[in-house]
Amino acid sequence: MERLSQAISQAWISHKFGNETCISHLFFADDLILFAEASEEQAEVISSILLSFCSHSGQKISDSKSHIFFSPNTDAVLADKIATKLNFTITQDLGRYLGVPLIHGRVVHTTYTDLEKRVQNRVLKWNPSRISLSFRSTLCKTSLSTIPLYTMQSTLLPKGTCKDIDKLFRRFLWGSRPCLELVNDRNS
């Protein structure tokens, strides 16, 4: 993977590959995210780098896991040509990576509804009337607070999401079961 990174960096330095930003690619383990201009020339450079890497390393690109995302102002015909050239599937939603949503639009309060629901589902498993206040406090600090922390390491959560999660913590801490309407109210 280091050789692939070097090949991409070399192409970026020699202005064959890349974009106007300082980032050309990101790696995590065997996953790769490339950032490039939407042009047939760039697709050719990417294709040649990937084919060279595959032939030298013996590894293969997973066609079923390879996706390409285009900005909204990219011409649809050009996008199809590039996706066909690279043999990637065009996607409008990059989904999640390591449990964190890959955001490519505006972050709104409903973006992290699933995070709130995970906290709420955890709280609903426990009956606060059967747990002492000190143990509820310990559960909030150790178990409940870890759910949003992972996402918060890489993403700034909207204030409304933080307030709703805090409201779930407080309701559980003071002995009431959280209402199912808390998260569901916002979705309607």
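Refer to the structure printed above.
Residues numbered from 1 in each chain as written. Predicted model: local features only at pLDDT ≥ 70, side-chain atom pairs only at ≥ 80, totals over all residues. Heavy atoms only, no water.

**Focus on the pattern of salt bridges**
Should their charged atoms come close, side chains of opposite charge can pair.
So, step 1. Under the counting rule described, the total for this entry stands at 3 salt bridges.
So, step 2. The partner of E40 in a salt bridge is K81, and the shortest N-O contact between them spans 3.9 Å. With E40 in helix α2 (residues 40-57) and K81 in helix α3 (residues 76-86), this pair connects stretches of sequence that are 41 residues apart.
So, step 3. Among the residues examined, E40 registers a relative accessible area of 44% and is labelled partly exposed.
So, step 4. Put simply, E44 and K85 hold a salt bridge, and the shortest N to O gap is 3.0 Å. With E44 in helix α2 and K85 in helix α3, this residue pair connects regions lying 41 residues apart in the sequence. (Salt bridge = Lys/Arg side-chain N within 4 Å of Asp/Glu carboxyl O. Helix = DSSP H or I, 4+ residues; strand = E, 2+ residues; numbered from the N terminus. Buried < 20%, exposed > 50% of the residue type's maximum accessible area, 1.4 Å probe, protein only.)

**What to know about α3**
So, step 1. Those residues of α3 that sit buried are A79, I82, A83 and L86. Seen along its axis, α3 keeps its buried residues to an arc of 100°; they face one direction. Set apart from the buried face of α3 by more than 90 degrees, the exposed residues are V77 and T84.
So, step 2. Those residues of α3 hidden inside the fold are in contact with α2, β3 (67-68) and β4 (89-90).
So, step 3. A positive backbone phi angle near 60° is found at N87, which sits one or two residues after α3. (Arc of directions from axis to C-beta. Contact = heavy atoms within 4.5 Å.)

**Section: the side chain of S143**
So, step 1. Within the secondary structure, S143 is located in helix α5 (residues 133-144).
So, step 2. The buried category is assigned to S143, whose relative accessible area is 15%.
So, step 3. Within polar-contact distance, the side chain of S143 engages the side chain of R122 at 2.7 Å.
So, step 4. Residues contacting S143, with those up to four places away along its chain left out, are R122, W126 and T138. (Polar contact = N/O pair within 3.5 Å; in protein donor to acceptor, adjacent residues only side chain to side chain.)

**Quick notes on the environment of F53**
So, step 1. Here F53 is to be found in helix α2.
So, step 2. Along the chain, F53 and A7 lie 46 residues apart, while their C-alpha atoms are 8.5 Å from each other.
So, step 3. Not counting chain neighbours up to four residues away, the residues in contact with F53 comprise M1, L4, G58 and Q59.

These values are about where atoms sit, not about what they do.
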